[in-house]
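# Report on the structure
So you can see what is in the structure, the chains are spelled out below.
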Amino acid sequence: MKILIVEDEIQLLKSIEEFLLTERYVVETAEDFRTASEKALIYDYDCILLDINLPDGNGIHLLEKLKKENKIANVIIISARNSLDDKIKGLDLGADDYLTKPFHLAELHARIKAVFRRKQQEGQQFTKIGNTKIDFFNRQIFIDELQLDLNRKEFDMLSLFVNNPNKLISKENVAEYVWGDNIDMVDNFDFVYSQVKNLRKKLKTAHSDMGIKNIYGIGYKLITNDHETR
Ligand code: CA
């Protein structure tokens, strides 16, 4: 799960970032409107925490931009007290939730989890593909009721594939989704190849009906038993 935090109060930004990292999210940050717009329009986030009052712009305008570009993102507005107008405008523009400063990080986490719950398969915690059940909320996967051990990155990769069942996903997409910020600085994406290979092997060894097809030179695609030619 990848989260973008947009917040110009550095202290607050750092504390949210630290907290979310310990909760095992992939976290990126933006301290101003310009950076936030760039990131939000180029990359995909599962959730954006959006401060309204930024030194170089208004967070509400970012929501407008996203809407105009048909960019789907789950947004939780975090803003100062007494900004009821912003709240109404934000929710009108499709923000998922609104949190008034100051707030407890546990409260923020509860809201984030609720957003994810709604997002994932229209509120369902589980996805089932053949004999394979994925529990996004507890980050577990079961094949014929037997739990398969995946490490954090493997589960993140799996979520990306499962949530984009008909899409061809490039190595770059995987790298950016799972490893986050600064990944564009990496010279080559060979490490993705070996990581996906491990995941594919684990699924195959456990006889999962779900698999990941390597489309040479292009990327990967989720496959299920029905479509697979063996
Ligand atoms: Ca602010």
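Residues numbered from 1 in each chain as written. Predicted model: local features only at pLDDT ≥ 70, side-chain atom pairs only at ≥ 80, totals over all residues. Heavy atoms only, no water.

## Details of the coordination of the calcium ion
Taken together, D8 (OD), D51 (OD) and N53 (O) make up the full set of protein donors to the calcium ion, lying 2.2 to 2.4 Å away. Here the donor residues of the calcium ion are spaced in sequence according to D-x42-D-x1-N. On the criterion of sequence distance, the pair formed by D8 in the loop between β1 (2–6) and α1 (10–22) and D51 in strand β3 (residues 47–51) is long-range, its members being 43 residues apart. Residue D51 is classed as buried on the basis of its relative accessible area of 2%. (Donors = N, O, S within 2.8 Å, 3.2 Å for Na, K, Ca; no water. Helix = DSSP H or I, 4+ residues; strand = E, 2+ residues; numbered from the N terminus. Buried < 20%, exposed > 50% of the residue type's maximum accessible area, 1.4 Å probe, protein only.)

## Points about the pairing of strand β2 (residues 26–30)
In terms of burial, β2 is a largely internal element, 5 of the 5 residues being buried. Looking at chain direction, β1 and β2 are connected through 5 bridges and run parallel. The partner of V6 across the bridge, within β2, is A30. Handedness of the β-α-β unit built from β1, α1 and β2 comes out right-handed. (Pairing = 2+ DSSP bridges. Right-handed = clockwise from strand over helix to strand, strands pointing away.)

## Comments concerning the domain arrangement of the chain
It is common to give the size of an interface as the accessible area lost on bringing the parts into contact. Here the domain parsing of the chain yields domain 1 (2–119) and domain 2 (126–228). Using only C-alpha atoms to locate each centre, domain 1 and domain 2 end up separated by 27 Å. At the interface, 12 residues of domain 1 touch 11 residues of domain 2. Both faces considered, domain 1 and domain 2 share a buried interface measuring about 1,000 Å² in area, 45% of it formed by carbon and sulfur atoms. Counting across the domain 1 and domain 2 interface gives 1 salt bridge. Between E176 and K2 there is a salt bridge, and its shortest N-O distance comes to 2.9 Å. Where domain 1 packs against domain 2, one counts 3 residue pairs in polar contact (both at pLDDT 80 or more). Listed by contribution, the elements that provide at least two residues to the side of domain 1 that touches domain 2 are β2 and α5 (105–119). Here the side of domain 1 that touches domain 2 gets 3 residues from one element, more than from any other, and that element is β2. (Domains from an automatic or database assignment. Contact = heavy atoms within 4.5 Å. Buried area = accessible area lost by both parts, 1.4 Å probe. Salt bridge = Lys/Arg side-chain N within 4 Å of Asp/Glu carboxyl O. Polar contact = N/O pair within 3.5 Å; in protein donor to acceptor, adjacent residues only side chain to side chain.)

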